[in-house]
Amino acid sequence: MANKAFNAFEMAQAQFDKVADQLELDEGPRELLRWPLREYAFSIPVRMDDGNVQVFRGFRVQHNDARGPSKGGIRFHPQETIDTVRALSMWMTWKCAVVDIPLGGGKGGVICDPHNLSSREQELICRGWVRQLAKNVGPLTDVPAPDVMTSAQHMLWMLDEFEHIHGAKYPGFITGKPVGMGGSLGRTEATGFGVIYTLREALKHLGLRPEDTTASVQGFGNVAQFAIRLYNQLGGTVVCVSCWDQTDQKSYSFRKDDGVILDDVLAITDRFGGIDKDKARDLGMEVLDGDAWIEQEVDILIPAALENQITAETAPRISKKVRVIAEGANGPTTPEADAIIQQREIFVIPDFLANAGGVTCSYFEQVQSNSNYYWEKDEVLGKLDIKMTAAFLAVNELSVKRKLFMRDAAYVIAIGRVAQACRDRGWV
Ligand code: NAD
(Lines give C-alpha, C1' and ligand atoms only; values in the text may rest on other atoms or scores of the structure.)
Protein backbone atom coordinates (compact mmCIF):
# COMPACT_ATOMS: atom_id res chain seq x y z
CA MET A 1 0.00 0.00 0.00
CA ALA A 2 1.07 3.58 -0.55
CA ASN A 3 2.40 5.49 2.45
CA LYS A 4 -0.08 7.28 4.70
CA ALA A 5 1.14 10.78 3.84
CA PHE A 6 -0.31 10.81 0.34
CA ASN A 7 -2.51 8.11 -1.05
CA ALA A 8 -3.69 8.86 -4.58
CA PHE A 9 -6.56 6.39 -4.35
CA GLU A 10 -7.92 7.95 -1.16
CA MET A 11 -7.78 11.32 -2.93
CA ALA A 12 -9.58 9.93 -5.99
CA GLN A 13 -12.26 8.43 -3.74
CA ALA A 14 -12.66 11.71 -1.83
CA GLN A 15 -13.15 13.60 -5.11
CA PHE A 16 -15.67 11.01 -6.19
CA ASP A 17 -17.58 11.20 -2.87
CA LYS A 18 -17.95 14.97 -3.23
CA VAL A 19 -19.53 14.66 -6.68
CA ALA A 20 -21.60 11.61 -5.66
CA ASP A 21 -23.13 13.84 -2.96
CA GLN A 22 -23.87 16.59 -5.50
CA LEU A 23 -25.45 14.03 -7.83
CA GLU A 24 -27.30 12.43 -4.89
CA LEU A 25 -26.14 9.03 -6.14
CA ASP A 26 -27.83 5.99 -4.60
CA GLU A 27 -25.83 3.60 -2.45
CA GLY A 28 -25.53 1.01 -5.30
CA PRO A 29 -23.77 3.10 -7.97
CA ARG A 30 -21.85 4.94 -5.27
CA GLU A 31 -20.34 1.76 -3.84
CA LEU A 32 -19.71 0.31 -7.30
CA LEU A 33 -17.91 3.40 -8.61
CA ARG A 34 -15.84 4.02 -5.45
CA TRP A 35 -13.92 0.81 -6.21
CA PRO A 36 -12.45 -0.83 -9.31
CA LEU A 37 -14.57 -3.55 -10.91
CA ARG A 38 -11.55 -5.83 -11.27
CA GLU A 39 -7.93 -5.94 -10.15
CA TYR A 40 -5.12 -8.22 -11.17
CA ALA A 41 -1.85 -8.45 -9.27
CA PHE A 42 0.75 -10.97 -10.35
CA SER A 43 4.41 -11.93 -10.54
CA ILE A 44 6.57 -11.77 -13.64
CA PRO A 45 9.70 -13.95 -13.36
CA VAL A 46 12.49 -12.81 -15.64
CA ARG A 47 15.81 -14.51 -16.40
CA MET A 48 18.13 -11.51 -16.16
CA ASP A 49 21.22 -10.94 -18.31
CA ASP A 50 23.46 -12.20 -15.48
CA GLY A 51 21.63 -15.56 -15.47
CA ASN A 52 19.70 -14.99 -12.21
CA VAL A 53 15.92 -14.90 -12.03
CA GLN A 54 14.31 -11.71 -10.75
CA VAL A 55 10.59 -11.53 -9.98
CA PHE A 56 8.73 -8.28 -10.80
CA ARG A 57 5.27 -7.37 -9.50
CA GLY A 58 2.73 -6.39 -12.13
CA PHE A 59 -0.77 -4.92 -11.92
CA ARG A 60 -3.80 -4.21 -14.05
CA VAL A 61 -6.86 -2.48 -12.62
CA GLN A 62 -10.11 -2.13 -14.57
CA HIS A 63 -12.02 0.54 -12.73
CA ASN A 64 -15.15 0.52 -14.85
CA ASP A 65 -16.17 -0.77 -18.29
CA ALA A 66 -19.88 0.05 -18.38
CA ARG A 67 -19.33 2.45 -21.31
CA GLY A 68 -16.88 0.26 -23.26
CA PRO A 69 -13.55 -1.58 -23.01
CA SER A 70 -11.24 -0.30 -20.27
CA LYS A 71 -8.54 2.05 -21.52
CA GLY A 72 -5.37 3.23 -19.85
CA GLY A 73 -1.61 3.15 -19.82
CA ILE A 74 0.98 0.83 -18.30
CA ARG A 75 3.64 2.48 -16.16
CA PHE A 76 7.05 1.10 -15.33
CA HIS A 77 8.09 2.73 -12.07
CA PRO A 78 10.11 1.67 -9.00
CA GLN A 79 7.56 3.30 -6.65
CA GLU A 80 4.48 1.88 -8.36
CA THR A 81 1.74 0.77 -5.93
CA ILE A 82 -1.65 -0.84 -6.38
CA ASP A 83 -3.26 2.28 -4.91
CA THR A 84 -1.63 4.56 -7.50
CA VAL A 85 -2.85 2.25 -10.25
CA ARG A 86 -6.36 2.19 -8.74
CA ALA A 87 -6.50 5.99 -8.61
CA LEU A 88 -5.22 6.38 -12.16
CA SER A 89 -7.71 3.82 -13.45
CA MET A 90 -10.58 5.71 -11.81
CA TRP A 91 -9.39 9.00 -13.33
CA MET A 92 -9.27 7.29 -16.75
CA THR A 93 -12.94 6.33 -16.37
CA TRP A 94 -13.89 9.98 -15.80
CA LYS A 95 -11.59 11.26 -18.57
CA CYS A 96 -13.08 8.92 -21.21
CA ALA A 97 -16.59 9.75 -20.02
CA VAL A 98 -16.16 13.54 -20.05
CA VAL A 99 -15.10 13.48 -23.73
CA ASP A 100 -17.83 10.94 -24.40
CA ILE A 101 -15.74 8.21 -26.03
CA PRO A 102 -17.09 4.66 -25.69
CA LEU A 103 -14.39 3.43 -23.33
CA GLY A 104 -14.03 2.74 -19.63
CA GLY A 105 -11.06 3.29 -17.35
CA GLY A 106 -8.08 1.07 -16.63
CA LYS A 107 -4.44 1.35 -15.67
CA GLY A 108 -1.52 -1.00 -15.27
CA GLY A 109 1.98 -1.07 -14.00
CA VAL A 110 5.09 -2.99 -13.13
CA ILE A 111 7.34 -2.22 -10.17
CA CYS A 112 10.67 -1.80 -11.94
CA ASP A 113 13.18 0.85 -12.97
CA PRO A 114 13.88 0.72 -16.72
CA HIS A 115 17.06 2.78 -16.15
CA ASN A 116 18.61 -0.34 -14.60
CA LEU A 117 17.26 -2.86 -17.12
CA SER A 118 18.64 -3.91 -20.48
CA SER A 119 16.43 -3.77 -23.53
CA ARG A 120 16.14 -7.58 -23.47
CA GLU A 121 15.09 -7.57 -19.82
CA GLN A 122 12.42 -4.93 -20.53
CA GLU A 123 11.13 -7.00 -23.44
CA LEU A 124 10.79 -10.02 -21.16
CA ILE A 125 8.85 -7.95 -18.61
CA CYS A 126 6.49 -6.76 -21.37
CA ARG A 127 5.93 -10.28 -22.67
CA GLY A 128 5.53 -11.62 -19.11
CA TRP A 129 2.92 -8.93 -18.33
CA VAL A 130 0.86 -9.98 -21.35
CA ARG A 131 1.23 -13.72 -20.63
CA GLN A 132 -0.25 -13.16 -17.17
CA LEU A 133 -3.20 -11.21 -18.53
CA ALA A 134 -3.78 -12.55 -22.06
CA LYS A 135 -7.32 -13.72 -21.22
CA ASN A 136 -8.29 -10.57 -19.32
CA VAL A 137 -7.21 -7.85 -21.75
CA GLY A 138 -7.86 -7.43 -25.48
CA PRO A 139 -9.44 -5.18 -28.09
CA LEU A 140 -12.94 -5.92 -26.81
CA THR A 141 -12.17 -5.89 -23.09
CA ASP A 142 -9.23 -3.74 -22.05
CA VAL A 143 -6.85 -1.77 -24.26
CA PRO A 144 -3.48 -0.73 -22.76
CA ALA A 145 -1.24 2.16 -23.87
CA PRO A 146 2.13 3.70 -22.96
CA ASP A 147 2.58 5.78 -19.82
CA VAL A 148 5.47 6.77 -17.55
CA MET A 149 8.66 5.07 -18.77
CA THR A 150 6.96 2.90 -21.39
CA SER A 151 7.19 3.60 -25.12
CA ALA A 152 5.97 2.53 -28.54
CA GLN A 153 8.61 -0.24 -28.46
CA HIS A 154 7.16 -1.68 -25.24
CA MET A 155 3.70 -1.61 -26.84
CA LEU A 156 4.95 -3.53 -29.88
CA TRP A 157 6.53 -6.26 -27.73
CA MET A 158 3.25 -6.56 -25.83
CA LEU A 159 1.22 -6.68 -29.06
CA ASP A 160 3.51 -9.33 -30.49
CA GLU A 161 3.12 -11.53 -27.40
CA PHE A 162 -0.67 -11.08 -27.38
CA GLU A 163 -0.94 -12.03 -31.07
CA HIS A 164 1.39 -14.98 -30.55
CA ILE A 165 -0.80 -16.33 -27.73
CA HIS A 166 -4.06 -15.82 -29.62
CA GLY A 167 -2.70 -16.93 -32.99
CA ALA A 168 -4.04 -13.97 -34.99
CA LYS A 169 -3.46 -10.28 -35.63
CA TYR A 170 -5.13 -7.89 -33.17
CA PRO A 171 -3.65 -4.43 -33.80
CA GLY A 172 -6.53 -2.92 -31.78
CA PHE A 173 -5.29 -4.68 -28.62
CA ILE A 174 -2.97 -1.82 -27.68
CA THR A 175 -2.42 1.84 -28.62
CA GLY A 176 0.64 4.07 -28.75
CA LYS A 177 2.13 1.96 -31.54
CA PRO A 178 4.52 3.58 -34.01
CA VAL A 179 2.98 5.11 -37.14
CA GLY A 180 3.29 2.46 -39.85
CA MET A 181 2.88 -0.33 -37.29
CA GLY A 182 -0.71 0.48 -36.36
CA GLY A 183 -0.14 3.87 -34.73
CA SER A 184 -2.22 6.94 -35.55
CA LEU A 185 -1.04 10.09 -37.24
CA GLY A 186 -1.68 13.11 -35.04
CA ARG A 187 -1.02 11.35 -31.72
CA THR A 188 2.08 13.46 -31.05
CA GLU A 189 0.10 16.67 -31.48
CA ALA A 190 -3.12 15.40 -29.87
CA THR A 191 -2.75 16.36 -26.22
CA GLY A 192 -1.28 19.83 -26.79
CA PHE A 193 -3.70 20.63 -29.61
CA GLY A 194 -6.59 19.36 -27.47
CA VAL A 195 -5.63 21.82 -24.73
CA ILE A 196 -5.86 24.66 -27.26
CA TYR A 197 -9.14 23.51 -28.83
CA THR A 198 -10.69 23.85 -25.36
CA LEU A 199 -8.84 27.11 -24.67
CA ARG A 200 -10.11 28.57 -27.96
CA GLU A 201 -13.69 27.84 -26.84
CA ALA A 202 -13.05 29.26 -23.36
CA LEU A 203 -11.77 32.51 -24.87
CA LYS A 204 -14.87 32.73 -27.07
CA HIS A 205 -17.03 32.27 -23.97
CA LEU A 206 -15.14 35.04 -22.18
CA GLY A 207 -15.34 37.35 -25.19
CA LEU A 208 -11.56 37.40 -25.70
CA ARG A 209 -9.82 37.16 -29.09
CA PRO A 210 -6.79 34.82 -29.04
CA GLU A 211 -4.72 37.39 -30.94
CA ASP A 212 -5.25 39.89 -28.10
CA THR A 213 -4.02 37.45 -25.43
CA THR A 214 -0.71 36.40 -23.91
CA ALA A 215 0.17 33.17 -22.12
CA SER A 216 2.75 31.71 -19.76
CA VAL A 217 3.49 27.98 -19.87
CA GLN A 218 5.01 25.64 -17.33
CA GLY A 219 7.01 22.92 -19.09
CA PHE A 220 8.36 22.61 -22.59
CA GLY A 221 7.73 18.95 -23.41
CA ASN A 222 5.29 17.18 -25.70
CA VAL A 223 2.12 18.81 -24.36
CA ALA A 224 3.56 22.33 -24.02
CA GLN A 225 5.27 22.38 -27.43
CA PHE A 226 2.17 21.47 -29.41
CA ALA A 227 -0.08 23.64 -27.28
CA ILE A 228 2.20 26.61 -28.04
CA ARG A 229 2.27 25.73 -31.76
CA LEU A 230 -1.53 25.84 -32.10
CA TYR A 231 -1.98 28.82 -29.77
CA ASN A 232 0.52 30.75 -31.94
CA GLN A 233 -1.40 29.71 -35.04
CA LEU A 234 -4.53 31.24 -33.49
CA GLY A 235 -2.56 34.46 -33.04
CA GLY A 236 -1.73 34.19 -29.33
CA THR A 237 1.64 35.25 -27.88
CA VAL A 238 3.55 33.11 -25.36
CA VAL A 239 5.79 35.31 -23.24
CA CYS A 240 7.15 32.71 -20.82
CA VAL A 241 8.01 29.00 -20.84
CA SER A 242 9.80 26.89 -18.25
CA CYS A 243 11.59 23.57 -17.86
CA TRP A 244 13.55 21.32 -15.56
CA ASP A 245 17.34 21.62 -15.82
CA GLN A 246 18.89 18.17 -15.49
CA THR A 247 22.41 19.49 -14.77
CA ASP A 248 21.43 22.06 -12.12
CA GLN A 249 18.64 19.86 -10.75
CA LYS A 250 16.27 22.83 -10.63
CA SER A 251 13.73 24.49 -12.86
CA TYR A 252 14.01 27.76 -14.79
CA SER A 253 11.58 30.08 -16.55
CA PHE A 254 12.45 31.86 -19.79
CA ARG A 255 10.77 35.16 -20.63
CA LYS A 256 10.63 37.16 -23.82
CA ASP A 257 8.21 40.06 -23.60
CA ASP A 258 7.58 40.34 -27.33
CA GLY A 259 6.90 36.60 -27.60
CA VAL A 260 8.82 33.35 -27.50
CA ILE A 261 9.59 32.08 -31.02
CA LEU A 262 8.70 28.42 -30.81
CA ASP A 263 11.01 27.09 -33.53
CA ASP A 264 14.00 29.03 -32.14
CA VAL A 265 13.48 27.55 -28.68
CA LEU A 266 12.85 24.06 -30.08
CA ALA A 267 16.27 24.28 -31.74
CA ILE A 268 17.95 24.66 -28.31
CA THR A 269 15.81 22.07 -26.48
CA ASP A 270 16.83 18.48 -25.69
CA ARG A 271 14.56 15.47 -26.14
CA PHE A 272 13.43 15.66 -22.50
CA GLY A 273 12.10 19.22 -22.98
CA GLY A 274 15.11 20.89 -21.33
CA ILE A 275 16.09 24.31 -22.72
CA ASP A 276 19.76 25.38 -22.95
CA LYS A 277 20.11 28.46 -20.68
CA ASP A 278 23.09 30.07 -22.40
CA LYS A 279 21.64 29.69 -25.87
CA ALA A 280 18.33 31.06 -24.56
CA ARG A 281 20.16 34.21 -23.41
CA ASP A 282 21.66 34.46 -26.91
CA LEU A 283 18.08 34.45 -28.24
CA GLY A 284 17.33 37.47 -26.06
CA MET A 285 15.40 35.53 -23.43
CA GLU A 286 15.55 36.45 -19.78
CA VAL A 287 16.37 33.44 -17.58
CA LEU A 288 14.37 33.52 -14.34
CA ASP A 289 13.54 31.31 -11.36
CA GLY A 290 11.58 28.13 -12.05
CA ASP A 291 8.44 29.49 -10.38
CA ALA A 292 8.44 32.77 -12.32
CA TRP A 293 6.09 31.37 -14.99
CA ILE A 294 3.21 31.55 -12.51
CA GLU A 295 3.52 35.26 -11.68
CA GLN A 296 3.64 36.63 -15.23
CA GLU A 297 1.21 39.37 -16.22
CA VAL A 298 -0.59 37.33 -18.85
CA ASP A 299 -4.17 36.39 -19.70
CA ILE A 300 -3.61 32.65 -19.73
CA LEU A 301 -1.62 30.17 -17.66
CA ILE A 302 -0.93 26.72 -19.07
CA PRO A 303 0.61 24.36 -16.51
CA ALA A 304 1.95 21.53 -18.69
CA ALA A 305 4.69 19.92 -16.62
CA LEU A 306 3.80 18.24 -13.34
CA GLU A 307 1.21 17.69 -10.64
CA ASN A 308 0.92 19.91 -7.50
CA GLN A 309 2.26 23.13 -9.03
CA ILE A 310 -0.54 25.60 -8.30
CA THR A 311 -0.80 25.36 -4.53
CA ALA A 312 -1.95 27.42 -1.53
CA GLU A 313 1.57 28.96 -1.56
CA THR A 314 1.89 29.69 -5.28
CA ALA A 315 -1.74 30.58 -6.21
CA PRO A 316 -1.65 33.99 -4.46
CA ARG A 317 1.24 34.92 -6.80
CA ILE A 318 -0.95 34.59 -9.90
CA SER A 319 -1.29 38.00 -11.58
CA LYS A 320 -4.63 39.86 -11.43
CA LYS A 321 -4.57 39.91 -15.23
CA VAL A 322 -4.97 36.11 -15.55
CA ARG A 323 -8.41 35.09 -16.86
CA VAL A 324 -7.90 31.41 -17.79
CA ILE A 325 -5.94 28.43 -16.52
CA ALA A 326 -5.82 25.57 -19.05
CA GLU A 327 -4.51 22.49 -17.26
CA GLY A 328 -2.35 20.53 -19.70
CA ALA A 329 -0.68 18.51 -16.93
CA ASN A 330 -2.46 15.97 -14.78
CA GLY A 331 -3.33 17.30 -11.32
CA PRO A 332 -1.41 20.61 -11.47
CA THR A 333 -3.75 22.35 -9.00
CA THR A 334 -4.33 21.36 -5.37
CA PRO A 335 -7.82 21.59 -3.79
CA GLU A 336 -6.60 24.51 -1.58
CA ALA A 337 -5.45 26.42 -4.68
CA ASP A 338 -8.78 25.63 -6.36
CA ALA A 339 -10.54 27.53 -3.59
CA ILE A 340 -8.36 30.61 -4.19
CA ILE A 341 -8.80 30.44 -7.97
CA GLN A 342 -12.55 30.01 -7.64
CA GLN A 343 -12.78 33.05 -5.37
CA ARG A 344 -10.82 35.11 -7.91
CA GLU A 345 -13.16 33.91 -10.66
CA ILE A 346 -10.38 32.64 -12.88
CA PHE A 347 -11.82 30.34 -15.57
CA VAL A 348 -10.32 26.83 -15.22
CA ILE A 349 -10.31 24.18 -17.93
CA PRO A 350 -9.78 21.14 -15.69
CA ASP A 351 -7.04 18.63 -16.48
CA PHE A 352 -9.16 15.62 -17.34
CA LEU A 353 -11.05 17.71 -19.90
CA ALA A 354 -8.18 19.89 -21.20
CA ASN A 355 -5.68 17.06 -21.70
CA ALA A 356 -8.15 14.41 -22.90
CA GLY A 357 -6.93 14.90 -26.50
CA GLY A 358 -4.35 12.17 -25.89
CA VAL A 359 -6.82 9.46 -24.93
CA THR A 360 -9.27 10.62 -27.60
CA CYS A 361 -6.59 10.12 -30.23
CA SER A 362 -5.76 6.73 -28.70
CA TYR A 363 -9.42 5.84 -29.18
CA PHE A 364 -9.06 6.91 -32.83
CA GLU A 365 -5.99 4.68 -33.09
CA GLN A 366 -7.99 1.77 -31.72
CA VAL A 367 -10.81 2.39 -34.21
CA GLN A 368 -8.32 2.56 -37.09
CA SER A 369 -6.49 -0.56 -35.92
CA ASN A 370 -9.71 -2.54 -35.46
CA SER A 371 -10.78 -1.70 -39.00
CA ASN A 372 -7.20 -1.93 -40.35
CA TYR A 373 -7.71 1.33 -42.24
CA TYR A 374 -5.71 4.42 -41.38
CA TRP A 375 -6.78 8.06 -41.64
CA GLU A 376 -4.86 11.11 -42.86
CA LYS A 377 -3.52 13.44 -40.17
CA ASP A 378 -6.03 16.20 -41.01
CA GLU A 379 -8.88 13.77 -40.56
CA VAL A 380 -7.58 12.70 -37.14
CA LEU A 381 -7.09 16.29 -35.95
CA GLY A 382 -10.43 17.39 -37.38
CA LYS A 383 -12.25 14.64 -35.50
CA LEU A 384 -10.26 15.51 -32.39
CA ASP A 385 -11.32 19.14 -32.59
CA ILE A 386 -14.99 18.13 -32.89
CA LYS A 387 -14.78 15.83 -29.83
CA MET A 388 -12.85 18.27 -27.64
CA THR A 389 -15.06 21.20 -28.57
CA ALA A 390 -18.26 19.27 -27.89
CA ALA A 391 -16.90 18.12 -24.52
CA PHE A 392 -15.90 21.65 -23.54
CA LEU A 393 -19.27 23.10 -24.55
CA ALA A 394 -21.20 20.49 -22.54
CA VAL A 395 -19.14 21.14 -19.41
CA ASN A 396 -19.30 24.91 -19.83
CA GLU A 397 -23.05 24.85 -20.34
CA LEU A 398 -23.58 22.89 -17.13
CA SER A 399 -21.17 25.15 -15.28
CA VAL A 400 -23.16 28.23 -16.35
CA LYS A 401 -26.57 26.64 -15.78
CA ARG A 402 -25.84 25.25 -12.32
CA LYS A 403 -23.26 27.91 -11.33
CA LEU A 404 -20.66 25.18 -10.80
CA PHE A 405 -16.87 25.52 -10.85
CA MET A 406 -15.69 24.04 -14.18
CA ARG A 407 -13.90 21.16 -12.44
CA ASP A 408 -17.06 20.22 -10.55
CA ALA A 409 -19.17 20.51 -13.72
CA ALA A 410 -16.77 18.18 -15.57
CA TYR A 411 -16.94 15.63 -12.75
CA VAL A 412 -20.73 15.84 -12.57
CA ILE A 413 -21.00 15.09 -16.31
CA ALA A 414 -18.41 12.29 -16.29
CA ILE A 415 -19.62 10.51 -13.16
CA GLY A 416 -23.25 11.03 -14.18
CA ARG A 417 -22.61 9.33 -17.54
CA VAL A 418 -20.85 6.34 -16.02
CA ALA A 419 -23.49 5.91 -13.29
CA GLN A 420 -26.20 6.05 -15.96
CA ALA A 421 -24.42 3.38 -18.04
CA CYS A 422 -24.27 1.13 -14.96
CA ARG A 423 -28.00 1.69 -14.35
CA ASP A 424 -28.89 1.12 -18.02
CA ARG A 425 -27.07 -2.20 -17.96
CA GLY A 426 -29.01 -3.18 -14.86
CA TRP A 427 -25.88 -3.40 -12.69
CA VAL A 428 -27.17 -1.10 -9.96
P1 NAD B 1 7.37 15.64 -21.17
O2 NAD B 1 8.21 14.73 -20.38
O3 NAD B 1 7.40 15.59 -22.66
O4 NAD B 1 7.69 17.17 -20.76
C5 NAD B 1 7.69 17.60 -19.44
C6 NAD B 1 8.22 19.03 -19.42
O7 NAD B 1 8.08 19.57 -18.10
C8 NAD B 1 9.71 19.13 -19.78
O9 NAD B 1 9.94 20.30 -20.53
C10 NAD B 1 10.38 19.27 -18.40
O11 NAD B 1 11.62 19.96 -18.48
C12 NAD B 1 9.33 20.12 -17.71
N13 NAD B 1 9.43 20.12 -16.26
C14 NAD B 1 9.63 19.06 -15.42
N15 NAD B 1 9.69 19.50 -14.14
C16 NAD B 1 9.49 20.85 -14.19
C17 NAD B 1 9.43 21.87 -13.21
N18 NAD B 1 9.56 21.60 -11.91
N19 NAD B 1 9.24 23.15 -13.62
C20 NAD B 1 9.11 23.45 -14.94
N21 NAD B 1 9.15 22.50 -15.90
C22 NAD B 1 9.34 21.23 -15.52
O23 NAD B 1 5.87 15.41 -20.61
P24 NAD B 1 4.50 15.67 -21.36
O25 NAD B 1 4.14 14.44 -22.13
O26 NAD B 1 4.54 16.98 -22.03
O27 NAD B 1 3.49 15.71 -20.12
C28 NAD B 1 3.36 16.87 -19.31
C29 NAD B 1 2.16 16.69 -18.38
O30 NAD B 1 0.99 16.42 -19.17
C31 NAD B 1 2.25 15.53 -17.39
O32 NAD B 1 1.53 15.91 -16.23
C33 NAD B 1 1.49 14.41 -18.10
O34 NAD B 1 0.98 13.47 -17.19
C35 NAD B 1 0.38 15.22 -18.73
N36 NAD B 1 -0.26 14.54 -19.87
C37 NAD B 1 0.47 14.19 -20.97
C38 NAD B 1 -0.19 13.57 -22.03
C39 NAD B 1 0.55 13.23 -23.29
O40 NAD B 1 -0.10 12.75 -24.22
N41 NAD B 1 1.84 13.50 -23.40
C42 NAD B 1 -1.58 13.27 -21.95
C43 NAD B 1 -2.28 13.65 -20.82
C44 NAD B 1 -1.61 14.28 -19.78
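Rules and cut-offs
Residues numbered from 1 in each chain as written. Predicted model: local features only at pLDDT ≥ 70, side-chain atom pairs only at ≥ 80, totals over all residues. Heavy atoms only, no water. Helix = DSSP H or I, 4+ residues; strand = E, 2+ residues; numbered from the N terminus. Rg over C-alpha atoms; globule rule 2.2 N^0.38 Å. Buried < 20%, exposed > 50% of the residue type's maximum accessible area, 1.4 Å probe, protein only. Contact = heavy atoms within 4.5 Å. Areas by Shrake-Rupley, 256 points an atom, 1.4 Å probe, with all protein chains shown as cover. Lys, Arg positive; Asp, Glu negative; His and termini not counted. Charge placed at Lys NZ, Arg CZ, Asp CG, Glu CD. Near = heavy atom within 4 Å. Polar contact = N/O pair within 3.5 Å; in protein donor to acceptor, adjacent residues only side chain to side chain. Phe/Tyr/Trp six-rings, centres within 6.5 Å; stacked < 30°, edge-to-face > 60°. Salt bridge = Lys/Arg side-chain N within 4 Å of Asp/Glu carboxyl O. Pairing = 2+ DSSP bridges. Axes fitted to C-alpha atoms, helices over the stretch in contact; angles between N-to-C directions. Disulfide = S-S within 2.5 Å. Domains from an automatic or database assignment. Right-handed = clockwise from strand over helix to strand, strands pointing away. Expected span 1.5 Å × (residues − 1). Parallel < 35°, antiparallel > 145°, perpendicular 65-115°, else oblique.

## What about the overall build of the chain?
- Counting its secondary structure elements, the chain contains 14 helices and 12 strands.
- Radius of gyration (C-alpha) of the chain: 21 Å, near the 22 Å computed for a compact globule of 428 residues.
- The principal-axis extents of the C-alpha atoms in the chain amount to approximately 60 × 55 × 45 Å.
- Expressed as a percentage of the 428 residues in the chain, the buried residues total 57%.
- Counting contacts in the chain only where the partners sit at least 6 residues apart, residues at least 24 apart contribute 70% of the total.
- A total accessible area of about 18400 Å² is found for the chain, and carbon and sulfur atoms account for 50% of it.
- Charge centroids of the chain, computed over 47 positive and 57 negative side chains, lie 4 Å from each other.

## A closer look at the site of the ligand
- Taken together, the neighbourhood of the ligand is formed by 21 residues, with Thr-191, Phe-220, Val-223, Trp-244 and Gly-273 sitting nearest.
- Here an oxygen atom of the ligand and a side-chain polar atom of Asn-330 are 3.1 Å apart.
- In isolation the ligand has 830 Å² of accessible area, and contact with the protein removes 75% of it.
- Of the residues forming the shell around the ligand, the biggest block, 3 residues, is contributed by strand β7 (residues 237–245).

## Re the packing of aromatic side chains
- All chains considered together, the criterion is met by 11 aromatic pairs.
- Ring centres 4.0 Å apart and planes at 10° place the aromatic pair Phe-162 and Phe-173 in the stacked group. Note that Phe-162 is positioned in helix α5 (residues 152–166) and Phe-173 in the loop between α5 and α6 (187–206), a separation of 11 residues in sequence.
- A ring pair is formed by Tyr-363 and Phe-364, whose centres lie 5.8 Å apart and whose planes are at 40°; its orientation type is tilted.

## With respect to the pattern of salt bridges
- As enumerated under the stated definition, the model contains 38 salt bridges in all.
- With its nearest N and O atoms 3.2 Å apart, the salt bridge here joins Lys-277 to Asp-245. Residue Lys-277 is located in helix α9 (residues 277–282), and its partner Asp-245 is located in strand β7; the two are separated by 32 residues in the primary sequence.
- Among the residues examined, Lys-277 registers a relative accessible area of 18% and is labelled buried.

## Here's the deal with the sheet that holds strand β1 (residues 38–47)
- The sheet built from 5 strands is open, its strands ordered β1-β2-β4-β3-β5 with mixed pairing. Strands with a single pairing partner mark the edges of an open sheet, and in this sheet they are β1 and β5 (142–146). Averaged over all adjacent pairs, the angle separating strand axes in this sheet is 20°, with direction ignored.
- Inspection of the sheet shows strand β2 (residues 53–64) paired to strand β4 (residues 104–110) by 6 bridges, in the antiparallel sense.

## Considerations on the state of the cysteines
- Inspection of every chain in the model, using the stated rule, returns 0 disulfides.
- No disulfide involves Cys-240; its sulfur sits 11 Å from that of Cys-243, the nearest cysteine.
- Not part of a disulfide, Cys-361 finds its nearest cysteine sulfur in Cys-96, a span of 13 Å.
- What makes Cys-361 buried here is its relative accessible area of 0%.

## Concerning the domain arrangement of the chain
- Splitting the chain by domain gives domain 1 (37–95 + 103–183) and domain 2 (188–354).
- Distance from the C-alpha centre of domain 1 to the C-alpha centre of domain 2: 31 Å.

## Side note on the pairing of β7
- By the criterion of burial, β7 is predominantly enclosed, with 7 of the 9 residues buried.
- With 3 bridges connecting them, strand β6 (residues 214–218) and β7 associate as parallel partners. The residue bridging Thr-214 from the neighbouring strand is Thr-237, located in β7.
- Since β6 and β7 lie parallel, the crossover through helix α7 (residues 222–233) that links them has a hand, and here it is right-handed.
- Alignment of β7 against strand β8 (residues 250–255), held across 6 bridges, turns out to be antiparallel. Residue Val-241 lies in a different strand from β8, and its bridge partner there is Phe-254.

## Regarding α5
- Under the 1.5 Å per step criterion, the end-to-end length of α5 is 21 Å for 15 residues, consistent within 8% with the ideal 21 Å.
- If you check which residues of α5 are buried, you get His-154, Met-155, Leu-156, Trp-157, Met-158, Leu-159, Glu-161, Phe-162 and Glu-163.
- Where α5 is buried, its residues touch β3 (70–76), α4 (119–133) and β5.

## Concerning the packing of helix α1 (residues 8–22) against helix α14 (residues 406–424)
- At a closest axis distance of 10 Å, the pairing of α1 and α14 adopts a crossing angle of 80°. Regarding the angle of α1 to α14, the classification is roughly perpendicular. Note on element contacts: α14 touches α1 through Asp-408, Tyr-411, Val-412 and Ile-415, opposite Gln-15, Phe-16, Lys-18, Val-19 and Gln-22.

## Re the side chain of Glu-163
- Structurally, Glu-163 can be placed in helix α5.
- Setting aside anything within four residues of it in sequence, one finds Glu-163 in contact with Ala-168, Lys-169, Tyr-170 and Pro-171.

## A short note on the sheet that holds strand β12 (residues 347–349)
- The strand order β9-β8-β7-β6-β10-β11-β12 describes an open sheet built from 7 strands, whose pairing is mixed. Taken across any chain shown, the strands that pair with only one partner, and hence form the sheet edges, are β9 (286–289) and β12. Between one strand axis and the next, the sheet turns by 20° as a mean value, whatever way the strands run.

## Here's the deal with the environment of His-205
- Examined against the element boundaries, His-205 turns out to sit in helix α6.
- Of the residues examined, His-205 reaches a relative accessible area of 40% and is grouped as partly exposed.
- Separated by 22 residues in sequence, His-205 and Ala-227 have C-alpha atoms that sit 19 Å apart.
- Beyond its immediate stretch of four places on either side in the chain, His-205 contacts Phe-347, Asn-396 and Val-400.

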